[in-house]
Amino acid sequence: MKITNIQAQEVLDSRGNPTVECTVTLENGVSASAIVPSGASTGTHEAVELRDGDEKRYLGKGVLKAVDNVNTKIAEVVVGMDVENQKEIDQAMISLDGTENKSELGANAILSVSMACVRAAATYKEIPLYEYVAQLFGNDTNVYEMPVPMINILNGGRHANGSSDIQEYMIMPIGASNLQEAVQWGSEVFHNLGKILKEMGYPTTVGDEGGYAPNLNSNEKPLELIVEAIKKSGFKPGEDIAIAIDAAASEFYKDGKYELKIEGGELSKEQLLDIYIEWVDKYPLISIEDGFAEDDWDGFKLLEDKLGERIINVGDDLFVTNIKRLERGIEMECANAILIKLNQIGTVSETIEVIKKAEENGFHSIISHRSGETEDTFIADFAVGSGVGFIKTGSMSRSERVAKYNRLMRIERELS
Ligand code: PGA
Ligand code: ZN
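All figures in this text were calculated on a predicted structure; none of them were measured in a lab. (Residues numbered from 1 in each chain as written. Chains lettered and ligands numbered in written order. Predicted model: local features only at pLDDT ≥ 70, side-chain atom pairs only at ≥ 80, totals over all residues. Heavy atoms only, no water.)

The domain boundaries assigned to the protein chain delineate domain 1 (3–126) and domain 2 (148–415). A separation of 27 Å is found between the C-alpha centroids of domain 1 and domain 2. The interface of domain 1 with domain 2 comprises 34 residues on the first partner and 33 residues on the second. When the area that domain 1 buries against domain 2 is broken down by residue, the three leading residues are Ser14, Ser41 and His45, summing to 24%. Summed over the shared surface of domain 1 and domain 2, the result is five salt bridges. Here Glu100 and Lys324 are joined by a salt bridge, their closest N and O atoms 3.0 Å apart. If you look at where domain 1 meets domain 2, you find 23 residue pairs in polar contact (both at pLDDT 80 or more). (Domains from an automatic or database assignment. Contact = heavy atoms within 4.5 Å. Buried area = accessible area lost by both parts, 1.4 Å probe. Salt bridge = Lys/Arg side-chain N within 4 Å of Asp/Glu carboxyl O. Polar contact = N/O pair within 3.5 Å; in protein donor to acceptor, adjacent residues only side chain to side chain.)

Rendered as C-alpha coordinates:
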(Lines give C-alpha, C1' and ligand atoms only; values in the text may rest on other atoms or scores of the structure.)
(Ligands and ions follow the chains in the order given, each with its own letter.)
Protein backbone atom coordinates (compact mmCIF):
# COMPACT_ATOMS: atom_id res chain seq x y z
CA MET A 1 0.00 0.00 0.00
CA LYS A 2 1.37 3.35 -1.07
CA ILE A 3 2.31 6.10 1.39
CA THR A 4 0.46 9.27 0.38
CA ASN A 5 1.31 11.66 3.20
CA ILE A 6 3.82 12.15 5.99
CA GLN A 7 3.26 14.80 8.61
CA ALA A 8 5.42 15.49 11.66
CA GLN A 9 4.81 17.76 14.63
CA GLU A 10 6.36 18.79 17.91
CA VAL A 11 4.93 17.16 21.06
CA LEU A 12 6.33 16.79 24.60
CA ASP A 13 8.16 13.93 26.29
CA SER A 14 7.83 12.91 29.95
CA ARG A 15 10.31 15.59 31.06
CA GLY A 16 8.31 18.25 29.25
CA ASN A 17 10.86 18.63 26.47
CA PRO A 18 9.89 18.68 22.80
CA THR A 19 10.13 15.55 20.68
CA VAL A 20 8.97 14.44 17.23
CA GLU A 21 5.65 12.78 16.43
CA CYS A 22 5.02 11.57 12.90
CA THR A 23 1.81 10.49 11.19
CA VAL A 24 1.96 8.37 8.06
CA THR A 25 -1.12 8.14 5.81
CA LEU A 26 -1.68 5.48 3.18
CA GLU A 27 -3.50 5.47 -0.15
CA ASN A 28 -6.53 3.71 1.37
CA GLY A 29 -6.88 6.38 4.07
CA VAL A 30 -5.32 4.34 6.88
CA SER A 31 -3.02 6.42 9.06
CA ALA A 32 -0.84 5.78 12.12
CA SER A 33 1.49 7.79 14.34
CA ALA A 34 4.59 7.25 16.41
CA ILE A 35 6.52 9.38 18.90
CA VAL A 36 10.28 9.29 19.44
CA PRO A 37 11.70 9.16 23.01
CA SER A 38 14.80 10.98 24.30
CA GLY A 39 17.68 10.08 26.62
CA ALA A 40 19.51 12.06 29.33
CA SER A 41 22.57 9.89 29.97
CA THR A 42 23.12 9.56 26.25
CA GLY A 43 26.12 7.77 24.80
CA THR A 44 28.65 9.83 22.85
CA HIS A 45 28.39 7.39 19.95
CA GLU A 46 24.62 7.55 19.55
CA ALA A 47 22.99 8.83 16.36
CA VAL A 48 22.32 12.56 16.62
CA GLU A 49 19.09 13.90 18.07
CA LEU A 50 18.55 17.14 16.18
CA ARG A 51 17.64 20.10 18.42
CA ASP A 52 17.02 23.66 17.22
CA GLY A 53 19.38 25.34 19.69
CA ASP A 54 17.13 28.40 19.58
CA GLU A 55 17.30 29.63 23.19
CA LYS A 56 14.04 31.56 22.74
CA ARG A 57 12.06 28.34 22.44
CA TYR A 58 12.10 25.51 25.04
CA LEU A 59 15.58 26.60 26.24
CA GLY A 60 17.05 25.57 22.92
CA LYS A 61 15.46 22.13 22.93
CA GLY A 62 12.86 22.68 20.20
CA VAL A 63 12.72 20.14 17.38
CA LEU A 64 11.19 22.25 14.63
CA LYS A 65 14.14 21.59 12.30
CA ALA A 66 13.66 17.85 12.67
CA VAL A 67 9.91 18.28 12.10
CA ASP A 68 10.60 20.34 9.01
CA ASN A 69 13.04 17.72 7.71
CA VAL A 70 10.29 15.11 7.91
CA ASN A 71 7.70 17.33 6.26
CA THR A 72 9.91 18.41 3.38
CA LYS A 73 13.07 16.42 2.57
CA ILE A 74 12.00 13.03 3.93
CA ALA A 75 8.43 13.32 2.64
CA GLU A 76 9.81 14.03 -0.81
CA VAL A 77 11.51 10.62 -1.00
CA VAL A 78 9.23 8.46 1.16
CA VAL A 79 5.81 9.54 -0.12
CA GLY A 80 4.93 7.15 -2.93
CA MET A 81 6.85 4.22 -1.47
CA ASP A 82 5.15 0.98 -0.44
CA VAL A 83 4.69 1.03 3.35
CA GLU A 84 5.54 -2.67 3.56
CA ASN A 85 9.03 -2.09 2.17
CA GLN A 86 10.43 -1.13 5.55
CA LYS A 87 14.04 -1.79 4.62
CA GLU A 88 13.80 0.34 1.47
CA ILE A 89 12.08 3.17 3.32
CA ASP A 90 14.77 3.16 6.01
CA GLN A 91 17.56 2.86 3.46
CA ALA A 92 16.15 5.80 1.47
CA MET A 93 16.28 7.97 4.59
CA ILE A 94 19.78 6.78 5.49
CA SER A 95 21.00 7.66 1.97
CA LEU A 96 19.21 11.00 2.01
CA ASP A 97 20.87 11.86 5.31
CA GLY A 98 24.27 10.80 4.04
CA THR A 99 26.11 10.96 7.37
CA GLU A 100 27.40 8.19 9.63
CA ASN A 101 25.43 9.45 12.67
CA LYS A 102 22.27 10.86 11.02
CA SER A 103 23.26 14.39 11.96
CA GLU A 104 21.98 15.92 8.72
CA LEU A 105 18.28 15.10 9.10
CA GLY A 106 18.34 14.02 12.76
CA ALA A 107 17.82 10.50 14.09
CA ASN A 108 14.69 11.80 15.81
CA ALA A 109 13.25 12.87 12.44
CA ILE A 110 14.20 9.62 10.69
CA LEU A 111 13.05 7.29 13.47
CA SER A 112 9.65 8.97 13.78
CA VAL A 113 8.97 8.09 10.13
CA SER A 114 10.45 4.61 10.45
CA MET A 115 8.28 3.70 13.47
CA ALA A 116 5.14 5.31 12.05
CA CYS A 117 5.55 3.27 8.84
CA VAL A 118 5.74 0.04 10.87
CA ARG A 119 2.58 0.94 12.74
CA ALA A 120 0.77 2.08 9.58
CA ALA A 121 1.63 -1.20 7.83
CA ALA A 122 0.34 -3.25 10.78
CA THR A 123 -2.83 -1.17 10.87
CA TYR A 124 -3.39 -1.59 7.14
CA LYS A 125 -2.82 -5.34 7.37
CA GLU A 126 -5.21 -5.44 10.33
CA ILE A 127 -2.77 -7.37 12.50
CA PRO A 128 -1.36 -6.46 15.92
CA LEU A 129 1.83 -4.40 15.88
CA TYR A 130 3.82 -7.18 17.60
CA GLU A 131 2.78 -9.63 14.87
CA TYR A 132 3.96 -7.29 12.12
CA VAL A 133 7.22 -6.72 14.00
CA ALA A 134 7.68 -10.52 14.16
CA GLN A 135 7.18 -10.62 10.38
CA LEU A 136 9.86 -7.96 9.94
CA PHE A 137 12.15 -10.30 11.87
CA GLY A 138 11.20 -13.06 9.40
CA ASN A 139 9.20 -14.90 12.03
CA ASP A 140 5.83 -16.16 10.76
CA THR A 141 5.24 -18.77 13.46
CA ASN A 142 2.74 -16.75 15.50
CA VAL A 143 4.44 -18.13 18.60
CA TYR A 144 5.42 -15.42 21.06
CA GLU A 145 7.43 -15.22 24.23
CA MET A 146 6.62 -12.47 26.70
CA PRO A 147 9.70 -10.58 27.91
CA VAL A 148 10.94 -10.59 31.52
CA PRO A 149 10.66 -6.98 32.71
CA MET A 150 13.58 -5.19 34.35
CA ILE A 151 11.75 -2.80 36.67
CA ASN A 152 13.71 0.26 37.77
CA ILE A 153 12.48 0.90 41.32
CA LEU A 154 15.34 3.11 42.57
CA ASN A 155 16.57 5.96 40.36
CA GLY A 156 19.92 7.70 40.70
CA GLY A 157 22.65 9.31 38.63
CA ARG A 158 21.40 11.66 35.93
CA HIS A 159 17.82 10.58 36.47
CA ALA A 160 17.53 11.77 40.06
CA ASN A 161 19.70 14.59 41.34
CA GLY A 162 21.26 14.08 44.78
CA SER A 163 20.70 10.31 44.76
CA SER A 164 23.21 7.45 44.17
CA ASP A 165 26.02 7.44 41.57
CA ILE A 166 24.60 4.21 40.19
CA GLN A 167 21.81 5.24 37.85
CA GLU A 168 19.34 2.37 38.16
CA TYR A 169 18.42 -0.41 40.58
CA MET A 170 16.00 -2.83 38.96
CA ILE A 171 14.13 -5.95 39.96
CA MET A 172 13.59 -8.91 37.63
CA PRO A 173 10.69 -11.21 38.57
CA ILE A 174 12.46 -14.25 37.10
CA GLY A 175 10.24 -16.73 38.95
CA ALA A 176 6.93 -15.30 37.75
CA SER A 177 4.97 -17.66 35.54
CA ASN A 178 3.78 -14.96 33.18
CA LEU A 179 3.97 -11.24 32.46
CA GLN A 180 0.90 -10.31 34.47
CA GLU A 181 2.32 -12.02 37.51
CA ALA A 182 5.68 -10.32 36.94
CA VAL A 183 3.95 -6.93 36.85
CA GLN A 184 1.97 -7.73 40.00
CA TRP A 185 5.09 -8.82 41.87
CA GLY A 186 6.96 -5.76 40.63
CA SER A 187 4.23 -3.45 41.84
CA GLU A 188 4.12 -5.14 45.25
CA VAL A 189 7.87 -4.87 45.78
CA PHE A 190 7.86 -1.27 44.56
CA HIS A 191 5.21 -0.30 47.08
CA ASN A 192 6.82 -2.21 49.92
CA LEU A 193 10.10 -0.48 49.15
CA GLY A 194 8.19 2.80 49.43
CA LYS A 195 6.91 1.78 52.86
CA ILE A 196 10.42 0.85 54.00
CA LEU A 197 11.81 4.20 52.83
CA LYS A 198 8.98 6.07 54.52
CA GLU A 199 9.58 4.26 57.82
CA MET A 200 13.25 5.19 57.59
CA GLY A 201 12.27 8.82 57.12
CA TYR A 202 13.23 9.11 53.46
CA PRO A 203 11.11 10.86 50.84
CA THR A 204 9.26 8.65 48.35
CA THR A 205 9.26 11.11 45.48
CA VAL A 206 10.21 9.51 42.16
CA GLY A 207 12.87 10.09 39.51
CA ASP A 208 12.67 10.26 35.72
CA GLU A 209 11.89 6.58 35.30
CA GLY A 210 9.37 6.36 38.12
CA GLY A 211 11.57 4.72 40.78
CA TYR A 212 12.11 6.25 44.21
CA ALA A 213 15.02 8.65 44.46
CA PRO A 214 16.05 8.97 48.11
CA ASN A 215 19.45 10.30 49.11
CA LEU A 216 20.72 7.17 50.85
CA ASN A 217 24.32 8.35 50.70
CA SER A 218 25.38 4.90 49.55
CA ASN A 219 25.55 2.92 46.32
CA GLU A 220 25.22 -0.36 48.18
CA LYS A 221 22.37 0.46 50.55
CA PRO A 222 19.79 0.32 47.73
CA LEU A 223 20.69 -3.34 47.15
CA GLU A 224 20.08 -4.11 50.82
CA LEU A 225 16.77 -2.27 50.89
CA ILE A 226 15.56 -3.95 47.72
CA VAL A 227 16.32 -7.39 49.17
CA GLU A 228 14.34 -6.33 52.25
CA ALA A 229 11.43 -5.18 50.06
CA ILE A 230 11.47 -8.46 48.14
CA LYS A 231 11.28 -10.42 51.40
CA LYS A 232 8.63 -8.10 52.87
CA SER A 233 6.53 -8.87 49.79
CA GLY A 234 6.80 -12.61 50.48
CA PHE A 235 9.24 -13.50 47.69
CA LYS A 236 12.57 -15.30 47.70
CA PRO A 237 15.45 -13.02 46.61
CA GLY A 238 17.32 -14.59 43.72
CA GLU A 239 14.74 -17.28 43.15
CA ASP A 240 11.51 -15.37 42.60
CA ILE A 241 13.00 -11.95 42.07
CA ALA A 242 16.57 -11.00 41.17
CA ILE A 243 18.28 -7.61 41.00
CA ALA A 244 19.84 -5.76 38.05
CA ILE A 245 21.73 -2.47 37.99
CA ASP A 246 22.62 0.08 35.34
CA ALA A 247 25.74 1.83 36.58
CA ALA A 248 25.79 4.16 33.55
CA ALA A 249 29.47 4.45 34.44
CA SER A 250 30.31 6.97 31.68
CA GLU A 251 28.56 9.51 33.88
CA PHE A 252 31.09 9.15 36.74
CA TYR A 253 34.19 8.44 34.66
CA LYS A 254 36.84 11.16 34.60
CA ASP A 255 40.42 11.07 33.33
CA GLY A 256 40.80 7.33 33.52
CA LYS A 257 39.21 7.04 36.96
CA TYR A 258 35.76 6.20 38.29
CA GLU A 259 34.57 8.83 40.74
CA LEU A 260 32.04 7.23 43.04
CA LYS A 261 31.13 10.08 45.37
CA ILE A 262 30.31 7.71 48.19
CA GLU A 263 32.60 4.67 47.96
CA GLY A 264 35.78 6.59 48.60
CA GLY A 265 36.43 8.81 45.61
CA GLU A 266 38.55 7.87 42.64
CA LEU A 267 38.63 4.21 41.74
CA SER A 268 40.69 2.35 39.17
CA LYS A 269 38.83 -0.08 36.94
CA GLU A 270 40.17 -2.94 39.05
CA GLN A 271 38.82 -1.35 42.22
CA LEU A 272 35.44 -0.76 40.63
CA LEU A 273 35.43 -4.37 39.43
CA ASP A 274 36.07 -5.50 43.02
CA ILE A 275 32.97 -3.62 44.16
CA TYR A 276 30.86 -5.39 41.51
CA ILE A 277 32.29 -8.76 42.51
CA GLU A 278 31.47 -8.07 46.14
CA TRP A 279 27.91 -7.09 45.25
CA VAL A 280 27.37 -10.15 43.07
CA ASP A 281 28.61 -12.33 45.95
CA LYS A 282 26.42 -10.62 48.54
CA TYR A 283 23.20 -9.90 46.68
CA PRO A 284 21.02 -11.63 44.06
CA LEU A 285 22.51 -9.28 41.46
CA ILE A 286 22.32 -10.99 38.06
CA SER A 287 22.71 -8.16 35.55
CA ILE A 288 25.10 -5.20 35.30
CA GLU A 289 24.64 -2.63 32.55
CA ASP A 290 27.37 -0.16 31.60
CA GLY A 291 29.53 -1.28 34.51
CA PHE A 292 32.32 0.65 32.80
CA ALA A 293 32.51 3.78 30.65
CA GLU A 294 31.44 3.86 27.00
CA ASP A 295 34.97 3.56 25.58
CA ASP A 296 36.48 1.47 28.35
CA TRP A 297 36.43 -1.77 26.36
CA ASP A 298 39.10 -3.19 28.65
CA GLY A 299 36.97 -2.52 31.72
CA PHE A 300 34.10 -4.44 30.14
CA LYS A 301 36.52 -7.22 29.26
CA LEU A 302 37.66 -7.46 32.90
CA LEU A 303 34.04 -7.70 34.00
CA GLU A 304 33.24 -10.34 31.39
CA ASP A 305 36.27 -12.45 32.30
CA LYS A 306 35.49 -12.29 36.02
CA LEU A 307 31.69 -12.38 36.10
CA GLY A 308 30.48 -13.22 32.57
CA GLU A 309 29.33 -16.67 33.66
CA ARG A 310 27.32 -15.30 36.56
CA ILE A 311 25.75 -12.11 35.25
CA ILE A 312 24.19 -10.55 32.20
CA ASN A 313 26.95 -8.10 31.20
CA VAL A 314 25.09 -5.43 29.25
CA GLY A 315 26.50 -2.76 26.95
CA ASP A 316 24.29 0.30 26.51
CA ASP A 317 26.44 3.41 25.98
CA LEU A 318 29.16 0.95 24.96
CA PHE A 319 27.25 -0.44 21.95
CA VAL A 320 24.61 2.29 21.32
CA THR A 321 22.60 -0.22 19.22
CA ASN A 322 25.31 0.13 16.58
CA ILE A 323 26.32 -2.96 14.62
CA LYS A 324 29.96 -1.94 14.25
CA ARG A 325 30.39 -1.43 17.97
CA LEU A 326 28.53 -4.66 18.68
CA GLU A 327 30.86 -6.52 16.28
CA ARG A 328 33.85 -5.19 18.17
CA GLY A 329 32.29 -6.38 21.45
CA ILE A 330 31.62 -9.83 20.00
CA GLU A 331 35.19 -10.09 18.77
CA MET A 332 36.63 -8.94 22.10
CA GLU A 333 34.20 -11.07 24.12
CA CYS A 334 33.84 -8.15 26.49
CA ALA A 335 30.10 -8.41 27.18
CA ASN A 336 27.26 -10.89 26.71
CA ALA A 337 24.27 -8.61 26.19
CA ILE A 338 23.25 -5.45 24.38
CA LEU A 339 20.69 -2.84 25.36
CA ILE A 340 18.48 -1.97 22.40
CA LYS A 341 17.25 1.60 21.96
CA LEU A 342 15.72 2.42 18.58
CA ASN A 343 16.70 6.07 18.78
CA GLN A 344 20.37 5.29 19.42
CA ILE A 345 20.64 4.12 15.81
CA GLY A 346 17.62 5.80 14.22
CA THR A 347 15.75 3.22 12.10
CA VAL A 348 13.73 0.10 12.80
CA SER A 349 15.57 -1.89 10.10
CA GLU A 350 19.02 -1.20 11.53
CA THR A 351 17.74 -2.08 15.01
CA ILE A 352 16.50 -5.43 13.71
CA GLU A 353 19.89 -6.13 12.11
CA VAL A 354 21.65 -5.44 15.41
CA ILE A 355 19.33 -7.78 17.33
CA LYS A 356 19.87 -10.53 14.75
CA LYS A 357 23.63 -10.11 14.95
CA ALA A 358 23.48 -10.31 18.74
CA GLU A 359 21.37 -13.45 18.63
CA GLU A 360 23.65 -15.17 16.10
CA ASN A 361 26.53 -14.60 18.48
CA GLY A 362 24.87 -15.71 21.68
CA PHE A 363 24.34 -12.21 23.06
CA HIS A 364 21.13 -11.35 24.91
CA SER A 365 19.17 -8.32 23.73
CA ILE A 366 17.12 -6.11 26.04
CA ILE A 367 14.57 -3.77 24.48
CA SER A 368 14.72 -0.46 26.32
CA HIS A 369 12.84 2.79 26.85
CA ARG A 370 14.63 6.15 27.31
CA SER A 371 14.51 8.30 30.42
CA GLY A 372 12.50 10.82 28.41
CA GLU A 373 9.54 8.72 27.26
CA THR A 374 6.07 9.32 25.88
CA GLU A 375 2.65 7.68 25.80
CA ASP A 376 3.76 5.69 22.74
CA THR A 377 3.94 1.98 23.66
CA PHE A 378 5.80 0.89 20.51
CA ILE A 379 8.59 -0.84 22.47
CA ALA A 380 6.12 -3.17 24.23
CA ASP A 381 5.07 -4.60 20.86
CA PHE A 382 8.64 -4.48 19.64
CA ALA A 383 9.81 -6.55 22.62
CA VAL A 384 7.14 -9.21 22.01
CA GLY A 385 7.55 -9.26 18.23
CA SER A 386 11.34 -9.44 18.37
CA GLY A 387 11.17 -12.25 20.93
CA VAL A 388 14.33 -11.08 22.71
CA GLY A 389 13.12 -12.12 26.16
CA PHE A 390 13.79 -8.91 28.13
CA ILE A 391 12.34 -5.41 28.36
CA LYS A 392 13.54 -2.49 30.44
CA THR A 393 10.77 0.06 30.77
CA GLY A 394 10.94 1.73 34.15
CA SER A 395 9.08 1.54 37.39
CA MET A 396 5.52 0.94 38.47
CA SER A 397 4.69 4.63 38.46
CA ARG A 398 4.52 7.47 35.91
CA SER A 399 2.04 6.82 33.12
CA GLU A 400 4.65 6.85 30.35
CA ARG A 401 6.25 3.80 32.06
CA VAL A 402 3.06 2.07 33.18
CA ALA A 403 1.62 2.43 29.66
CA LYS A 404 4.18 -0.10 28.43
CA TYR A 405 3.30 -2.60 31.18
CA ASN A 406 -0.39 -2.13 30.44
CA ARG A 407 0.22 -2.77 26.75
CA LEU A 408 2.28 -5.89 27.57
CA MET A 409 -0.50 -7.23 29.81
CA ARG A 410 -3.06 -6.61 27.05
CA ILE A 411 -0.88 -8.44 24.55
CA GLU A 412 -0.50 -11.38 26.91
CA ARG A 413 -4.26 -11.59 27.46
CA GLU A 414 -4.84 -11.37 23.71
CA LEU A 415 -2.39 -14.22 23.12
CA SER A 416 -3.91 -16.55 25.69
P1 PGA B 1 18.85 7.50 29.11
O2 PGA B 1 19.08 6.38 30.21
O3 PGA B 1 17.59 7.20 28.38
O4 PGA B 1 18.79 8.74 29.93
O5 PGA B 1 20.05 7.45 28.21
C6 PGA B 1 18.67 5.06 30.09
C7 PGA B 1 19.82 4.12 30.25
O8 PGA B 1 20.98 4.55 30.48
O9 PGA B 1 19.62 2.91 30.13
ZN1 ZN C 1 21.90 2.43 30.43
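Still more ground to cover, so stick around.
Protein coordination at the zinc ion (ligand 2) comes from Asp246 (OD), Glu289 (OE) and Asp316 (OD), with a distance range of 2.0 to 2.2 Å. Here the donor residues of the zinc ion (ligand 2) are spaced in sequence according to D-x42-E-x26-D. Here the residue Asp246 occupies a position in strand β6 (residues 242–246), and Asp316 occupies one in the loop between β11 (312–315) and α9 (323–332), the gap between them amounting to 70 residues. Here the two residues Asp246 and Asp316 agree in accessibility, since each one is buried. (Donors = N, O, S within 2.8 Å, 3.2 Å for Na, K, Ca; no water. Helix = DSSP H or I, 4+ residues; strand = E, 2+ residues; numbered from the N terminus. Buried < 20%, exposed > 50% of the residue type's maximum accessible area, 1.4 Å probe, protein only.)

Pairing between side chains of opposite charge can happen when their charged atoms approach one another. Tallied over the entire structure, the rule returns 28 salt bridges. Between Lys392 and Glu289 there is a salt bridge, and its shortest N-O distance comes to 2.8 Å. Placement of the pair is Lys392 in strand β14 (residues 390–392) and Glu289 in strand β10 (residues 285–289), with a sequence separation of 103 residues. Judged by relative accessible area, Lys392 falls into the buried class, the value being 2%. Under the relative-accessibility criterion, Glu289 is labelled buried at 2%. For Asp295, the salt bridge goes to Arg325, with nearest N and O atoms at 3.0 Å. In this pair, Asp295 sits in the loop between β10 and α8 (297–307) while Arg325 sits in helix α9, placing the two residues 30 residues apart along the sequence. Each of Glu168, Asp246, Glu289 and Lys392 takes part in a single network of salt bridges with overlapping partners.

Packed helices, taken two at a time, are described by their axes: the angle between them and the distance between them. Closest axis-to-axis distance for the helix α4 (residues 129–136)/helix α12 (residues 378–386) pair is 7 Å, and the angle between their directions is 50 degrees. In this view, α4 runs oblique relative to α12, as classed from their interaxial angle. Classified by chirality, the crossing of α12 by α4 is right-handed. In contact with Leu129, Tyr130, Val133 and Ala134 of α4, α12 contributes Phe378, Asp381, Phe382, Val384, Gly385 and Ser386. Residues of the contact of α4 with α12, tallied by class, amount to seven nonpolar, two polar and one charged. (Axes fitted to C-alpha atoms, helices over the stretch in contact; angles between N-to-C directions. Parallel < 35°, antiparallel > 145°, perpendicular 65-115°, else oblique. Left-handed = near helix turned anticlockwise from the far one by under 90°. Nonpolar A, V, L, I, M, F, W, Y, C, P; charged D, E, K, R; others polar.)

If you trace the backbone, Asn343 turns up in helix α10 (residues 342–345). Side-chain polar atoms of Asn343 contact the side chain of Arg370, separated by 2.9 Å.

The final tally for this structure, using the stated rule, is 13 aromatic pairs. Ring geometry for Phe190 against Tyr212: centres 4.4 Å apart, planes inclined by 10 degrees, an arrangement best described as stacked. Taken as a pair, Phe190 in helix α5 (residues 179–199) and Tyr212 in the loop between α5 and α6 (221–232) lie far apart in primary sequence, 22 residues in all. You'll find Phe190 and Tyr212 in the same group, each marked buried. Ring-pair connections join several aromatic residues into one group, and the members of that group are Phe252, Tyr253, Tyr258, Tyr276, Trp279, Phe292 and Phe300. (Phe/Tyr/Trp six-rings, centres within 6.5 Å; stacked < 30°, edge-to-face > 60°.)

Let us look at the environment of Asn217. You can see Asn217 is positioned in the loop between α5 and α6. Spatially, the C-alpha atom of Asn217 lies 9.5 Å from that of Glu263, the residues being 46 residues apart in sequence.

Here the focus is the pairing of strand β13 (residues 364–368). Counting buried positions over the five residues of β13 gives four, a clear majority of the element. In the sheet, strand β12 (residues 337–340) pairs with β13 via four bridges, with the strands oriented parallel. Counted as the bridge partner of Ile340 is Ile367 from β13. Traced from β13 through α12 to β14, the parallel crossover comes out right-handed. (Pairing = 2+ DSSP bridges. Right-handed = clockwise from strand over helix to strand, strands pointing away.)

In this model helix α11 (residues 348–360) runs 19 Å from its N-terminal to its C-terminal C-alpha over 13 residues, within 8% of the 18 Å that 1.5 Å per residue would give. Burial in α11 covers these residues: Val348, Ser349, Thr351, Ile352, Val354, Ile355 and Ala358. Where α11 ends, the next residue or the one after it, Gly362, has phi of about 75 degrees, a positive value. (Expected span 1.5 Å × (residues − 1).)

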